[in-house]
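Understanding the architecture of this molecule
What follows is the residue order along each chain.
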There are 2 protein chains.
Amino acid sequence: MTTTSAGRGLRPAAGAAAGLPIAPSAGRWRPLGLADVTIDGGFWGERQALNHDAIIPHVDHWLEKLRWTGNFDRAADGTVATDRAGREFSDSETYKLLEGMAWEIGRSGDEVLEARFHEIAARVAAAQEVDGYLNTKFGRPGQHPRYTDFEWGHELYCFGHLIQAAVARARTVGLDDVLVGVALRAADHVCREFGPDGRQNIPGHPEIEVALAELYRVTGERRYLDQARLFVERRGHGTLAAIDFGQQYFQDDVPVREADVLDGHAVRALYLAAGAVDVATEDGDAELLAAVERQTRRTLARRTYLTGGMGAHFEGESFGADFELQPERSYSETCAGIASIMLNHRLLLATGDAVYADAVERTLFNIVATSPADDGRGFYYTNTLYQRFEGQMPDLDAPSVRSFSAARPPFFAVSCCPTNLTRTFASLGAYVATHDDDGVQLHQYAPSTVRAAVAGGEVHLRVTTEYPTDGYIVVDVLAAPPGDWALTLRVPSWAVGAVVHAGGAAAPAEPGYITVPGPRSGGRVELVLPMAPRWTYADPRVDAVRGQVAVERGPLVLALESIDLGADVSLARVRTQEPPVADGDRTLVPVRTVTLDDADWPYAAARPAGVDPEAGERLVPLIAYHQWASRGPSTMRVWMPEVCS
Amino acid sequence: MTTTSAGRGLRPAAGAAAGLPIAPSAGRWRPLGLADVTIDGGFWGERQALNHDAIIPHVDHWLEKLRWTGNFDRAADGTVATDRAGREFSDSETYKLLEGMAWEIGRSGDEVLEARFHEIAARVAAAQEVDGYLNTKFGRPGQHPRYTDFEWGHELYCFGHLIQAAVARARTVGLDDVLVGVALRAADHVCREFGPDGRQNIPGHPEIEVALAELYRVTGERRYLDQARLFVERRGHGTLAAIDFGQQYFQDDVPVREADVLDGHAVRALYLAAGAVDVATEDGDAELLAAVERQTRRTLARRTYLTGGMGAHFEGESFGADFELQPERSYSETCAGIASIMLNHRLLLATGDAVYADAVERTLFNIVATSPADDGRGFYYTNTLYQRFEGQMPDLDAPSVRSFSAARPPFFAVSCCPTNLTRTFASLGAYVATHDDDGVQLHQYAPSTVRAAVAGGEVHLRVTTEYPTDGYIVVDVLAAPPGDWALTLRVPSWAVGAVVHAGGAAAPAEPGYITVPGPRSGGRVELVLPMAPRWTYADPRVDAVRGQVAVERGPLVLALESIDLGADVSLARVRTQEPPVADGDRTLVPVRTVTLDDADWPYAAARPAGVDPEAGERLVPLIAYHQWASRGPSTMRVWMPEVCS
């Protein structure tokens, strides 16, 4: 079954093979994809290499070992009804791996990976039914019928990830691809089944919305966008079951354009909001865009961890109330971080507001970089900000449940995060830069090359930096058009005191975006971001970290780990009269440890004693939060109690 | 089917009709039951009346409305396989109601309630199978076979509650009772099925252990105790499934006598620990008793809320780590409070240590008293210490899920708490006093009468008090034996500065137990507990309330409610230089409210501004925590941030 879509007469949209994860037709800035941006080593280049060398093969291995990819073979040969492996959404893991492979092939041109992609895609294609339906869990003799469980069935969710994988393929190798054909048949099936005259249902887990919107952008077929809009607009009317977690779990408690804040299941909320931005952008629906902006801003201001993590509760994997941001057992799912990046990147393209690029950076460095182990063979599912106990080592031969210990398990029974990481790492280049007729905008700093068309011709840039180890960023102009063009640089919100050197002069660069005249070919612009470590305090309504302080350095959230303290991190107190100490790349803070007598009861009429002023104080190094537990099981805290002064 | 047990030749154990919920044959002190202690009005008398007048009829109504009690009829007529209502443990709700009714009949002699008890008991009896098995969920044609789901089936859990209801009956009206006969046949079935040569399984939810131990005490039949011991000793070897919540959820991760702290699902942990105390006490198993003491002490010192509530997590309804006691979304299930009282009362009887009686008092006044609405027709399932949002009014016609809002729902889909309250309120008298050969011990203060045998004869006491409104407790001796006897009074741990007046002299009474010579008939002893409101601080390792303070007054935890503040409670700051203000029964604290500008991001490099010293300060009344949301939906906090001084 090697049908291609070429025979359908589809017209590839402009920029179709530019390696763009998303390609809105309107908005403040235009994205630049993998064809135009390469990351050349450094912090993110190393992680892209790790993704290629370790994470993708590791995930592929586990999907075969657990027989989730094998479900497609068993669907094709008719044995899946009695012999299916994994949860109801396991098909999506194979699709997300395919998406990760597709971007990685587009980035690296790896022919071995291309062959593996073809092999899996063919197995997926063989399981598709004649009318385009494709799901290994439903619809065959001995299985529940199709579309009998909108709350938990995840059929449309799986279609969404299938389509996103096909979009990655279309945007890297083009429409003439097996998986693109599969996805188009699936999308056509979805439009027939759920169109204006079809089933009026919505899926329990959003994802189809971003996928259909992007497939519209790939193909120009309006009905895909219309269908995405239908799924967005049908929400919030309580058509899904009112389960224990509340209707907000399914994002069905309030219509998207009426909500004021993201609520309920964090990944569901963020995927839906991203899809709503896509629909709003394509249709010029200012009210819908304003609604998602309103929700996202309040969520960033009141429901987001210092790490960029979202979702406070284990129960229901959901957002907490405003300012309910307990560091202990913060759920902060890796996938919610990825979903937040998807949403914030879309809002950045739509509005040009630096707050969204700041959120992307924070989440990349402190959630996406935190999840994988150094060897790419273990992952955090949740990303707590305070680990009080080391826990036990996870089973290395069986999937774990989320992450209850300090150590990163190799895989999970609900294993959305590792596959989500593969596609995120492989497509990181797409977050670096954008362009418009006037010039080029740099949003994320990494050693990289950027090519972009502006009104007068092509700009070709090379960015050289050790960021985030230091804050010195050099932009060399390798080629520039003859006329004027503008170079816009993001100054992160924390970078108070940044300086830009351009045209032979130095000027202060306020947080936000700073624009300088684009140099001629051979010219250079330098941005110096202040990288001294700094104390960070929370809004006083975040009760859970009252009297505590965190340390950040550049975009990195730092953490105190028991291995460096040599004691229970719950006993550490930091003194904050002076700034944290920078010793080269290391950051140290003055720590005293308190000694507490055990009591029968943890509450007393007397105010707890402060730290003994005679108690020894020493400088203890912090680590980057993303590095924690890299040296073995540990306890760790981001927020540290201050010594009472 | 009106078989009685009389024909079995069972010999009622001593004190069988004394109204004793538990009757250990050994231990430091001997309990006094409902036949010997009456509560005569006051705080707890009002709640016993509410239980009789409202809670029991309300619960009975809902069990019929939801057709859970009706399951027994459908089991008897053979239609239950296709027409069963409720969750897998719903039989236990009817049993717990029957237990509540039995104690209430024993307490009040209500003949209408006695008739209703007979009616329900007959319906239960009709559903029992010939071999003693009884469960409406399993074993009939069309249902799953018996004992095919030890993790979630709850068959032994239901047997446990059936037996506890029968014990209540045996201890109030005697062994000649329909329900006692049903329970004995069920217990015999359990012993046959799960004895040394039978199935070596354990149930997913402990409860059978306390029940069988008590049935042994009622009947003197040793095999019931042996079976209880088997269920205790078989735990901790990982024979139940390793589910997402971890093996500690099922209390199967570590053997009872090896554990150092209560962990996992709180109610399961506490019921099991109570059963282990029963087994240890009957068998003189000092190692097992010491193990449970060790676990309970660490749990009280590190995993218990100020309210006495236990279980921090919604996820898995489980204990958190040591000192992980977040006030926001504290789970603190009502049933865990009741289970904690069961455990602590047993340890008190076994050891005579006041710490356990203190725990009982704290939990009674701040969990058990908090759950029911003033009208007895709504309940808290969870008991949060910080409610940031009012939430929505619960559905008054359908069972709710736990308690996500400020208001108390009328019933729950998993409705363990209301039925548990019925039996707790009806049997409250059993916690008031104990005796031994030397004298009488008073543990809980309420207007009450106490009769107790001591070596020289009978002591008859009348306790008069307005406690907890004031701390003046008068013990009048209505009758006393001719020789010496001792009156022992508990001085709560918080009552620093208490004074006892006895024999014409006043003496300081240190927290713990104080013993005075028992007066002759007509004599009086007075205890004066200091009831000034006091600031309470938490161990500095409880990060979640750092920089915050609570107020207690006597045994009551107080709370700040939005209705009194007239503002968002998250903005309140209290000044603590002077003690809280006592204005008669009212307690007021000096409060300033902070005004905060909304920001795009809740974290900043600057330390948050303290309260403006010019900001208005006013005295705001607190309420008893158990009263919160009595005036309608509100926001509430127990722990209040202090004004930085």
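Residues numbered from 1 in each chain as written. Chains lettered and ligands numbered in written order. Predicted model: local features only at pLDDT ≥ 70, side-chain atom pairs only at ≥ 80, totals over all residues.

1. Let's talk about the overall build of chain A
Helices and strands together make up the secondary structure of chain A, namely 15 helices and 23 strands. On C-alpha atoms alone, chain A measures out to a radius of gyration of 25 Å, which is about the 26 Å that the 2.2 N^0.38 rule sets for 645 residues. Here the C-alpha coordinates of chain A stretch approximately 80 × 70 × 45 Å along the principal axes. Each of the 645 residues in chain A was classed as buried or not, and the buried ones make up 59%. (Helix = DSSP H or I, 4+ residues; strand = E, 2+ residues; numbered from the N terminus. Rg over C-alpha atoms; globule rule 2.2 N^0.38 Å. Buried ≥ 20, exposed ≤ 12 C-beta atoms within 10 Å, placed from the backbone.)

2. Remarks on the interface of chain B and chain A
Taken together, the contact between chain B and chain A spans 49 residues of the former and 49 residues of the latter. Counting residues per element, the side of chain B that touches chain A draws most heavily on strand β14 (residues 534-538) of chain B, at 5 residues. Its residues assigned to classes, the side of chain B that touches chain A shows 27 nonpolar, 7 polar and 15 charged. Direction of pairing for strand β14 (residues 534-538) of chain A relative to strand β20 (residues 603-604) of chain B: antiparallel, over a ladder of 2 bridges. Bridge assignment links A538 of chain A to a residue of β20 of chain B, and that residue is Y603 of chain B. (Contact = placed C-beta atoms within 7 Å. Nonpolar A, V, L, I, M, F, W, Y, C, P; charged D, E, K, R; others polar. Pairing = 2+ DSSP bridges.)

3. Some words on the nonpolar core
Within the largest apolar cluster, 408 residues are counted, with the highest numbers of intra-cluster contacts made by L270 of chain A together with L270 of chain B. Residues contacting L270 of chain B, with those up to four places away along its chain left out, are L262, M310, A336, A339, S340, M342 and L343 of chain B. (Core = buried A, V, L, I, M, F, W, Y, C linked by C-beta atoms within 7 Å.)

4. Brief notes about the relation of the copies chain B and chain A
Take chain B, turn it by 180°, move it 0.1 Å along the axis, and it overlays chain A with an RMSD of 0.0 Å. These values place the two chain copies in the arrangement generated by a two-fold rotation axis. The fraction of interface residues of chain B whose copies in chain A are also interface residues reaches 100%, indicating that both copies meet through the same surface. (Least-squares fit on C-alpha atoms with pLDDT ≥ 70 in both.)

5. Some details on the pairing of strand β16 (residues 556-561) of chain A
Residue and element names in this part refer to chain A. Most of β16 sits out of view: 6 of its 6 residues are buried. By the alternation rule, side chains of β16 split into L556, L558 and L560 and V557, A559 and E561, which are all buried. Direction of pairing for strand β15 (residues 548-553) relative to β16: antiparallel, over a ladder of 2 bridges. From the neighbouring strand, E552 faces β16, where its bridge partner is V557. Here β15 folds back onto β16, and the loop between the two strands holds 2 residues, one of which, G554, carries a positive phi near 55°. Inspection of the sheet shows β16 paired to strand β21 (residues 618-624) by 2 bridges, in the antiparallel sense. Paired with L558 across the strands is A624, a residue of β21.

6. Topic: the sheet that holds strand β12 (residues 512-517) of chain B
Residue and element names in this part refer to chain B. Pairing within the open sheet is mixed, and its 5 strands lie in the order β1-β4-β5-β9-β12. Edge positions in the open sheet fall to β1 (30-31) and β12, since each of these has one partner strand only. With 3 bridges joining them, strand β4 (residues 433-435) and strand β5 (residues 439-442) adopt antiparallel strand pairing. Counted as the bridge partner of A433 is L442 from β5.

7. Quick look at the domain arrangement of chain A
Residue and element names in this part refer to chain A. Here chain A is partitioned into domain 1 (6-431), domain 2 (437-528) and domain 3 (535-641). Facing 20 residues of domain 1, the contacting portion of domain 2 comprises 16 residues. Secondary-structure elements contributing two or more residues to the side of domain 1 that touches domain 2 are β2 (37-39), α1 (42-65) and α13 (354-368). Counting residues per element, the side of domain 1 that touches domain 2 draws most heavily on α13, at 6 residues. Of the residues contributing to the side of domain 1 that touches domain 2, the split by class is 12 nonpolar, 4 polar and 4 charged. (Domains from an automatic or database assignment.)

8. Quick notes on α1 of chain A
Taking 1.5 Å per residue, 24 residues should reach 34 Å; α1 of chain A reaches 33 Å between its end C-alpha atoms and fits that length. R67 of chain A sits one or two positions beyond α1 of chain A and adopts a positive phi of about 70°. (Expected span 1.5 Å × (residues − 1).)

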